[in-house]
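# Residue-level structure breakdown
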Amino acid sequence: MQDTIAMLSQMGYKRLYAPNQIVFFEGEIPKKLLVLIRGGVRIYKTHQNREETLHHIQAPSFIAEMPSFLGLAYPASAVCSCECEILEVSLERFKKQCAEDVSFSLAFIASLCHKIAILERHIAHTAQNLQEKVCCFLLENRSALPTLSQRQIAQKLNTSPESLSRVLRKLKEAGFLRIQKGKIVLV
């Protein structure tokens, strides 16, 4: 990915974003290809005045490459979760580079495949009940648990802290975890 970023850097310009700054809104038409060079971006949708987080993107990564490449409206909104540096590249120049460089095109296809895998996980999680979602999250993020607050976990699972607390209480009573200094510890 670093080679791809170096190549794209010659075609575009870097822009700094502050924490909580909006990168784009759902429904906007992309004008540039966006590449997250530094930081993290949260992709979310808004339903009935409630935000649902779809994914957290960490650098280095393309952002919303499919709608950009196809000229479709963004299907969700994006906000910086911390200070970010984003490379903006003309779509015309990007498409020309894809046509001329097979290895570059393959790197772009790999990024699209990665996003498809994320979508598949999101669809699978949607079919789960909250307890199943919590269990999967805890197992998949075992090493990060000491750094995550219960509020952060609730946000990542798109649930209320109260609902998460009820599920954690049940799992604790069943002997699967314990809470130590406000952090979740798997048993």
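Reference entry: report on the structure contained in this document. Every value quoted in this text rests on a predicted model; they were computed, and no experiment measured them.

Parameters at a glance
Residues numbered from 1 in each chain as written. Predicted model: local features only at pLDDT ≥ 70, side-chain atom pairs only at ≥ 80, totals over all residues. Heavy atoms only, no water. Phe/Tyr/Trp six-rings, centres within 6.5 Å; stacked < 30°, edge-to-face > 60°. Helix = DSSP H or I, 4+ residues; strand = E, 2+ residues; numbered from the N terminus. Buried < 20%, exposed > 50% of the residue type's maximum accessible area, 1.4 Å probe, protein only. Salt bridge = Lys/Arg side-chain N within 4 Å of Asp/Glu carboxyl O. Contact = heavy atoms within 4.5 Å. Pairing = 2+ DSSP bridges. Core = buried A, V, L, I, M, F, W, Y, C linked by side-chain atoms within 4.5 Å.

### Here we look at the packing of aromatic side chains
Throughout the structure, instances matching the rule amount to seven aromatic pairs. Seen in terms of ring centroids, Phe62 and Phe94 are 6.3 Å apart; in terms of plane orientation they differ by 70°. Their pairing is edge-to-face. With Phe62 in strand E6 (residues 61–63) and Phe94 in helix H3 (residues 91–100), this residue pair connects regions lying 32 residues apart in the sequence. As far as burial versus exposure is concerned, Phe62 and Phe94 are alike and both buried.

### Here we look at the pattern of salt bridges
As enumerated under the stated definition, the model contains seven salt bridges in all. Put simply, Glu65 and Lys115 hold a salt bridge, and the shortest N to O gap is 2.9 Å. Of this pair, Glu65 sits in helix H2 (residues 65–70) while Lys115 is found in helix H4 (residues 102–126), placing the two residues 50 residues apart along the sequence. Residue Glu65 is classed as buried on the basis of its relative accessible area of 2%. In the salt-bridge network here, residues are joined through shared partners; they are Arg38, Glu83 and Glu85.

### Notes on the environment of Gln128
Along the chain, the position of Gln128 falls in the loop between H4 and helix H5 (130–140). In the structure, Gln128 is positioned 67 residues away from Ser61 in sequence and 28 Å away in space, judged by C-alpha atoms. Apart from the residues within four sequence positions on either side, Gln128 is in contact with Lys133 and Cys136.

### Let's talk about the pairing of strand E10 (residues 183–186)
Looking at chain direction, strand E9 (residues 177–180) and E10 are connected through four bridges and run antiparallel. Paired with Leu177 across the strands is Leu186, a residue of E10. The antiparallel pairing of E9 with E10 creates a hairpin that spans two residues between the two strands, and Lys181 there sits at a positive phi of about 55°.

### Concerning the nonpolar core
Within the largest apolar cluster, 16 residues are counted, with the highest numbers of intra-cluster contacts made by Val23, Phe24, Val41, Ile43, Ile63 and Ile86. At the level of elements, strand E2 (22–24), strand E3 (32–38), strand E4 (40–47), strand E7 (77–80) and strand E8 (84–90) are the ones that each hand at least two residues to this core. In this structure Phe24 touches Leu34, Ile43, Ile63, Ala64, Tyr74, Ala76, Ser77 and Ala78, once residues within four positions along its chain are discounted. In terms of nonpolar packing, the next biggest core, distinct from the first, is built from 14 residues, Leu145, Ile153, Ala154 and Leu177 among them.

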